[in-house]
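# Topology and contacts: notes
Read off the chains here:
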Amino acid sequence: LEAQASGVEKRLAELRAALQSRESLSKSASVAERQQHIASCERLAQRVKNALESYRLELRVLPREQQAEHQHRIRAFEDSLKQARAQIEWKRLDTEQAAGSSQPGGS
């Protein structure tokens, strides 16, 4: 069970690192590079979600009393994933806006 939790933590850390790795370069990177980065972040977010589901599944074998402490961890992981997904969405919107303004006749 701890292995499941540490797997979620590891994947969340990878996702956070990926989101922050391009923070300073995001405006100077080409639209195609940004789109690739967003796709990569989405794949990492999906891995986090899968690891979280695996953790939740393993949790079912514990008695209800022991599940409570893990539920707090799961909620924290879910909140972190939500924040990461929001950042990905903002990056996607920024990229779409940059793509639209770089095309002739764009806004």
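Residues numbered from 1 in each chain as written. Predicted model: local features only at pLDDT ≥ 70, side-chain atom pairs only at ≥ 80, totals over all residues. Heavy atoms only, no water.

To continue, consider helix α2 (residues 31-59). Taking 1.5 Å per residue, 29 residues should reach 42 Å; α2 reaches 42 Å between its end C-alpha atoms and fits that length. Within α2, the full set of buried residues consists of Arg34, His37, Ile38, Cys41, Leu44, Ala45, Val48, Ala51, Leu52, Tyr55 and Leu59. (Helix = DSSP H or I, 4+ residues; strand = E, 2+ residues; numbered from the N terminus. Expected span 1.5 Å × (residues − 1). Buried < 20%, exposed > 50% of the residue type's maximum accessible area, 1.4 Å probe, protein only.)

A word on a positive patch on the surface. On the surface, a cluster of positive charge is made up of Lys10, Arg11, Arg43 and Arg47. Broken down by secondary-structure element, the contributors of at least two residues to the positive patch are α1 (2-21) and α2. Mapped onto the secondary structure, Arg43 falls in helix α2. (Patch = residues over 30% accessible without salt bridge, like charges linked within 9 Å, V, L, I, M, F, W, Y side chains within 5 Å. Areas by Shrake-Rupley, 256 points an atom, 1.4 Å probe, with all protein chains shown as cover. Salt bridge = Lys/Arg side-chain N within 4 Å of Asp/Glu carboxyl O. Lys, Arg positive; Asp, Glu negative; His and termini not counted. Charge placed at Lys NZ, Arg CZ, Asp CG, Glu CD.)

In contact at an axis separation of 9 Å, α1 and α2 are set at 165° when each is read in the N-to-C sense. With respect to α2, the axis of α1 lies roughly antiparallel. Relative to α2, the crossing made by α1 is left-handed. Across the interface between the two elements, Gln4, Ala5, Gly7, Val8, Arg11, Leu12, Glu14, Leu15, Ala18, Leu19 and Ser21 of α1 pack against His37, Cys41, Leu44, Ala45, Arg47, Val48, Ala51, Leu52, Ser54, Tyr55 and Glu58 of α2. Counted by class, the contact of α1 with α2 contains 13 nonpolar, five polar and four charged residues. (Axes fitted to C-alpha atoms, helices over the stretch in contact; angles between N-to-C directions. Parallel < 35°, antiparallel > 145°, perpendicular 65-115°, else oblique. Left-handed = near helix turned anticlockwise from the far one by under 90°. Contact = heavy atoms within 4.5 Å. Nonpolar A, V, L, I, M, F, W, Y, C, P; charged D, E, K, R; others polar.)

As for its placement among the helices and strands, Thr95 is situated in helix α3 (residues 64-102). Side-chain polar atoms of Thr95 contact the backbone oxygen of Lys91, separated by 2.8 Å. Beyond its immediate sequence surroundings of up to four residues, Thr95 is in contact with Val31, Arg34, Gln35 and Ile38. (Polar contact = N/O pair within 3.5 Å; in protein donor to acceptor, adjacent residues only side chain to side chain.)

Attention now goes to the pattern of salt bridges. Pairs may arise between side chains of opposite charge once their charged atoms sit close together. Tallying each qualifying case throughout the model produces six salt bridges. With a closest N to O distance of 2.3 Å, Glu42 and Arg92 form a salt bridge. Here the residue Glu42 occupies a position in helix α2, and Arg92 occupies one in helix α3, the gap between them amounting to 50 residues. Arg92 gets classed as partly exposed once you look at its relative accessible area, which sits at 24%. The network of salt bridges with common partners includes Glu2, Glu9 and Arg73.

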